[in-house]
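Residue strings, one per chain:
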Amino acid sequence: MAIGQQEIIKRVEKIRDYHKLAPIAFERLHINRGRQLMYELLKDVFGDPMMAPGKQFNGDWEMLFTQLGVDSLSAAISLQIQQVQQKAIEEQQKKIELGILRLASQTTSQVKALLLDTAIGNLTLKKPGEISLESLVARLENDYGKGPTPPEGEKPFTWLIILEQQKVAGLKAWVEYELKVVEYQLSSLPVQEEKPDKINFELRIVKNRIDYLKELLKHLQ
């Protein structure tokens, strides 16, 4: 580890201050600064991120986010958690490292919710018919995910394949299906009241996914 415990504590406290910000477009600059501080801490404690067990990304955590996006960050953090849990290190050190990674998961969820909020705003700026179907699919893939949640037992497939094979009616039907899936996820979450200084970013992600799909459906009528 390149830094000591006192420096880690100091940086963690600063990053926690950024977690008090709601993941909305208005706070973008501040949240991005918190993200940069978080990923600098990850680099100083763990080095470069992993893409797979034993395989490192050719760049640091910030570069991973910039080049491959927030979902790749989440995957790298999960891999790092597994590695720490398996390491033969002193228990206190393990607690510190896992605490840093939990903090990183919060930052990444905050950023994910922010990106969805921004994407919703971008959709609302356009009137139905102003965005081509191909552009809508590109937005879906970039803002939401490569494809809808596949029914149980089926392999994943992409929004683009749906458009190519089932045209606009099929795309609309799958967006409506995905909306039902996410609404069910929301209904299944435990009821938690947000406090002003403790925002539930995972809940915000689910709610923003619902709002995003509803807004996108307006462009598929």
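Residue indices begin from 1 for each chain and proceed along its sequence in written order. Residues qualify for local features only when their pLDDT is at least 70, as the model is predicted, and side-chain atom pairs are given and counted only at 80 or more; totals for whole chains, interfaces and linings, by contrast, use all residues. Side-chain numbers here rest on the full set of heavy atoms in the structure, without hydrogens or water.

Remarks on the nonpolar core
Among the buried residues, those of types Ala, Val, Leu, Ile, Met, Phe, Trp, Tyr and Cys that are joined through side-chain atoms within 4.5 Å form a nonpolar core. The classification of residues rests on relative accessible area computed with a 1.4 Å probe and restricted to protein chains. Under 20% of the type maximum is buried, over 50% is exposed, and intermediate values are partly exposed. One finds Ile8, Met38, Leu41, Leu42 and Ile100 to be the most contacted residues of the largest nonpolar core, which totals 31 residues. Runs of H or I in DSSP of at least four residues are treated as helices and runs of E of at least two as strands, each being numbered from the N terminus. Every element with two or more residues in this core is listed here: α1 (5-18), α2 (28-46), α3 (61-68), α4 (70-86) and α5 (91-124). Note on definitions: a residue-residue contact is assigned when non-hydrogen atoms from the two residues lie within 4.5 Å. Setting aside anything within four residues of it in sequence, one finds Leu42 in contact with Gly47, Trp61, Ile100, Leu101 and Ala104. Among the nonpolar cores identified, the runner-up in size contains 27 residues, and Leu116, Ile120, Leu171 and Leu217 belong to it.

Some remarks on the packing of helix α6 (residues 133-144) against helix α7 (residues 159-188)
Running from N to C, α6 and α7 point in directions that differ by 45°, and their axes come no closer than 11 Å. Here α6 lies oblique to α7, going by the angle between them. Every pair of crossing elements has a handedness; the one defined by α6 and α7 is left-handed. Of α7, the residues touching α6 (which contributes Leu133, Glu134, Val137, Leu140, Glu141 and Tyr144) are Trp159, Leu160, Leu163, Val168, Leu171, Val175, Glu178 and Val182. The residue classification treats Ala, Val, Leu, Ile, Met, Phe, Trp, Tyr, Cys and Pro as nonpolar and Asp, Glu, Lys and Arg as charged. All others, Gly included, are polar. The residue makeup of the contact of α6 with α7, split by class, is eleven nonpolar, no polar and three charged. To obtain each axis, a line is fitted to C-alpha atoms, and for helices this fit is confined to the stretch in contact; angles are then taken between N-to-C directions over 0 to 180 degrees. Orientation is classified from the angle alone, with under 35 degrees giving roughly parallel, over 145 giving roughly antiparallel, 65 to 115 giving roughly perpendicular, and any other angle giving oblique. For any helix crossing, the convention is left-handed if the near helix is rotated counterclockwise from the far helix by under a right angle, and right-handed if that rotation is clockwise.

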